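Residue-level listing of the chains:
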Amino acid sequence: MRACYPNIMWRKAITAAETTATLPVLPPRLGGDSSLFLDLDGTLVDLIDRPDEVRADAELRATLLAVHRRLEGRLAIVSGRSLAQLDEILGAAAQELGLSGSHGTEYRWQGVEESPARPAALDAAREEFVKFAAAHDAVLLEDKSFGVALHYRVFPQIESEAQALANQLSRELGLFLQEGKMMVELRPGGHDKGGAIRHLMGKPDLGGSTPVFVGDDVTDEHGFEAAAAMGGYGILVGTPRYSAAHYNLSNPDAVRNWLEELLS
Ligand SMILES: [Mg+2]
């Protein structure tokens, strides 16, 4: 039986028994009345040591465009990446798909972009993160339009030090601290993937459709909650855990196969 625990911290330690009991193994075939929201890293493409080298292959781009057509345009990538990064990763396909970047801070929908002004505090945070990355060779700096992040996948021993710095800067500069898989990010508060899905579901073309959100990370839980609250559901990618998602797919390859089912 599935259980939902909206008030707990998603990072809470959980037991294997709880995780396997709360999530069905496979989602249903995607309905033709769906609006589909897809996270990118860890969902459509594997997480790799160098996130700056992630690129969608030609087959994935073609699949996304075909599903976008099948759903009559009701498909958006909802990512923590900036729009500029999504353009680089997805190539020409990014110009056709709906996009929400930087955790719901910026959007491109039917060619029209929406984004707020970049807060000056981000530049101050960036300066400190640059120094930290320069002092630790294996730590990567990610500089985005609405965020700055440190990635330490290849140097996990540095995690507590990176988190301490990010915590301190978050307090001093009034920025939101976003923790992810082997990374910390500082970004403006007030935005998350739940907000992104609610915002996109307000587009006239999406009225009356069923929202489905697919994601892998703790940052995706807001998206799962939003989709469920609007009559849809979430699909958690990766090892089952406590989640607001109803369903589970094991990895990005399984997500691609599930997408292709819609086209068969
Ligand atoms: Mg992800």
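Residues numbered from 1 in each chain as written. Predicted model: local features only at pLDDT ≥ 70, side-chain atom pairs only at ≥ 80, totals over all residues.

K.L.:
What is the right way to read the pairing of strand β10 (residues 210–215) from this model?
P.N.:
Put simply, side chains in a regular strand alternate between the two faces of the sheet. For β10, a buried count of five out of six residues is recorded, marking the element as mostly surrounded by other parts of the structure. Direction of pairing for strand β1 (residues 34–38) relative to β10: parallel, over a ladder of five bridges. Along β10, the bridge assignment pairs F37 with F213. In this sheet, strand β11 (residues 233–237) lies alongside β10 in parallel orientation, the contact comprising four bridges. Residue pairing in the sheet places V212 in a bridge with Y233 of β11. Traced from β10 through helix α8 (residues 221–229) to β11, the parallel crossover comes out right-handed. (Buried ≥ 20, exposed ≤ 12 C-beta atoms within 10 Å, placed from the backbone. Helix = DSSP H or I, 4+ residues; strand = E, 2+ residues; numbered from the N terminus. Pairing = 2+ DSSP bridges. Right-handed = clockwise from strand over helix to strand, strands pointing away.)

K.L.:
I'm lost on unusual backbone geometry in this one. Help?
P.N.:
Excluding glycine, residues mostly have negative phi values, and the peptide bonds linking residues are mostly trans. Phi angles above zero are rare outside glycine, and E72 is one such case at about 55°. Among the residues examined, E72 registers 13 C-beta atoms within 10 Å and is labelled partly exposed. Within the chain, H103 stands out as a residue other than glycine whose phi angle is a positive 55°. Looking at where H103 falls in the secondary structure, it is placed in the loop between β3 (98–101) and β4 (106–109).

K.L.:
In this structure, what is going on with the domain arrangement of the chain? I would like to understand it.
P.N.:
In many analyses, interface size is given as the accessible surface area lost on bringing the parts together. For the chain, the domain assignment lists domain 1 (27–115 + 191–263) and domain 2 (121–187). On the side of domain 2, 13 residues touch domain 1, which itself brings 14 residues to the contact. (Domains from an automatic or database assignment. Contact = placed C-beta atoms within 7 Å.)

K.L.:
Would you take a moment to explain α8 for this structure?
P.N.:
Residues lying three or four places apart along an α-helix face the same way, a consequence of the helix completing one turn every 3.6 residues. By the criterion of burial, α8 is predominantly enclosed, with seven of the nine residues buried. Within α8 the residues assigned to the buried category are E221, H222, G223, F224, E225, A226 and A227. Just beyond α8, the residue with positive phi is G231, at close to 90°.

K.L.:
I'm lost on the environment of R126 in this one. Help?
P.N.:
Relative to the assigned elements, R126 resides in helix α5 (residues 121–135). Placed 43 residues apart in sequence, R126 and L169 show a C-alpha to C-alpha distance of 10.0 Å.

K.L.:
Explain the nonpolar core to me, please; I cannot follow it from the model alone.
P.N.:
As a rule of thumb, soluble globular proteins bury nonpolar side chains together. Membership of the largest hydrophobic core comes to 45 residues, with the highest contact counts inside it found for F37 and I197. Ignoring any residue separated from it by four or fewer positions in sequence, one finds I197 in contact with F37, V78, P211, F213, G223, A226 and A227. Of all hydrophobic cores here, the second largest spans 15 residues; its members include V139, L150, L175 and M183. (Core = buried A, V, L, I, M, F, W, Y, C linked by C-beta atoms within 7 Å.)

K.L.:
Mind showing me how you'd approach the sheet that holds strand β8 (residues 176–180) here?
P.N.:
As a general point, the strands of a sheet are linked pairwise by backbone hydrogen bonds and lie either parallel or antiparallel. If you walk across this open sheet you meet the four strands as β6-β7-β9-β8, and the pairing is antiparallel. With one partner strand each, in any of the chains shown, β6 (140–144) and β8 form the two edges of the open sheet. On average, each strand axis in the sheet is tilted by 20° relative to the strand beside it, whichever way the strands run. In the sheet, β6 pairs with strand β7 (residues 147–151) via five bridges, with the strands oriented antiparallel. Bridge pairing in β7 places E142 opposite A149. In the packing of α5 onto the sheet, contacts are made with β6, β7 and β9 (183–187), and the angle to β7 comes to roughly 15°. (Axes fitted to C-alpha atoms, helices over the stretch in contact; angles between N-to-C directions.)

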